[in-house]
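Survey of secondary and tertiary structure
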Amino acid sequence: MFGIFKKKNQNKPAEKDEAEQVSAEGLNEPQWYEAGVGNPFNERILDIRTITLNMMATTKEKWISENFTQSRSDNGEKYTDSEIDEATAFPCDIHYPHNGATLEGVVFKSDSMDVKWDIYAYGAWFYFVRSWTSELVYKVHYQNMGNELIFDRIVTANPGSGELHAQNIHSMMLTHVLGRVWPYRIPDELKGKNETDIALYLFTQFGCKATLATDANILKIQLEKR
């Protein structure tokens, strides 16, 4: 069922409209899988790979394509003095194992327009930036404790609860930085929508890194030991 797991190894429009064109014409409908045999998670999961791994991200705006290409050499240092206008700070408590190294520079860099985020770290902050527009969307304060990183504050102007932002950040860290297969939270306003609409929305937000989705709290999801 979830063959991909055999490999080990909302929302307000952006300040800069990405003018993305998306269509699922000719693609198979995503499928739900209940927790249990064949589903490695402890929650019901929507497999959206039929959409997100078979689409090509395109935009109507020439400047976006040019900006994406030009910004592939950006190391993100320019964001260290940046503030997010009309932002709100949300407390969080997210932990990741770490080897103690100091983080400075590129943490993750998009290598195609199907991947929507660049991630940098400088000082005590992670910076989550849209790869198409170079817009700084999230600043996340963290502590480097040596054996782990602790995210304790999220700053963003995006609408939504602090809980949703924390879940989005966690999924991005796991799928982008750590290379894990992990679900993304389906926003409440999309509950009741058809599965293809959910997949298209998550593709616009997280690109081909969004392969799974769920109604459950991402921060409480666990892999089942079987």
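For the structure itself, look to the data block above.
Notes on the structure in this doc start here. (Residues numbered from 1 in each chain as written. Predicted model: local features only at pLDDT ≥ 70, side-chain atom pairs only at ≥ 80, totals over all residues. Heavy atoms only, no water.)

So, on to helix α2 (residues 62-70). Taken as a whole, α2 has its buried residues at Ile64, Asn67 and Phe68. Seen end-on, α2 carries its buried residues on one side only, within an arc spanning 100°. Summarising the geometry of α2, the exposed residues directed more than 90 degrees from the buried face are Lys62, Thr69 and Gln70. (Buried < 20%, exposed > 50% of the residue type's maximum accessible area, 1.4 Å probe, protein only. Helix = DSSP H or I, 4+ residues; strand = E, 2+ residues; numbered from the N terminus. Arc of directions from axis to C-beta.)

Reading across the sheet, the 6 strands line up as β5-β10-β9-β8-β7-β6 and stay open at both edges, with antiparallel pairing between neighbours. Each edge of the open sheet carries a strand with a single partner, namely β5 (88-97) and β6 (105-108). When the angles between neighbouring strand axes are averaged without regard to direction, this sheet yields 30°. Packed onto the sheet, helix α3 (residues 162-177) meets β5, β6, β7 (117-122), β8 (125-130), β9 (136-144) and β10 (148-156) and runs at close to 35° relative to β5. (Pairing = 2+ DSSP bridges. Axes fitted to C-alpha atoms, helices over the stretch in contact; angles between N-to-C directions. Contact = heavy atoms within 4.5 Å.)

This part is about the side chain of Asp74. Note on placement: Asp74 falls in the loop between α2 and β5. For Asp74, a relative accessible area of 16% gives the class buried. With sequence-adjacent residues up to four places away left out, Asp74 is seen in contact with Tyr79, Val106, Lys109 and Tyr120.

The next thing to look at is unusual backbone geometry. Leaving glycine aside, a negative phi is the common case for residues, and trans is the common case for peptide bonds. The phi dihedral of Glu86 is positive, around 55°, even though this residue is not glycine. Positioned with a positive phi, Ser134 is a non-glycine residue whose angle comes to about 65°. Examined against the element boundaries, Ser134 turns out to sit in the loop between β8 and β9. By relative accessible area, which is 14% here, Ser134 ends up buried.

Judged by nonpolar contacts, the single largest core of 52 residues is most densely connected at Phe126, Phe128, Tyr138, Phe151, Ile169 and Leu202. Among the elements that line this core, the one with the most residues is helix α4 (residues 195-206), at 7 residues. Every residue in contact with Ile169, bar those within four places of it in the chain, is listed here: Tyr96, Phe128, Tyr138, Val140, Phe151 and Ile154. (Core = buried A, V, L, I, M, F, W, Y, C linked by side-chain atoms within 4.5 Å.)

In this fold, Val137 is placed in strand β9. Under the relative-accessibility criterion, Val137 is labelled buried at 7%. For the pair formed by Val137 and Glu163, sequence separation is 26 residues and the distance between their alpha carbons is 16 Å. Setting aside chain neighbours within four positions, we find Val137 in contact with Ile84, Trp117, Phe128, Arg130, Val155, Thr156, Ala157 and Asn158.

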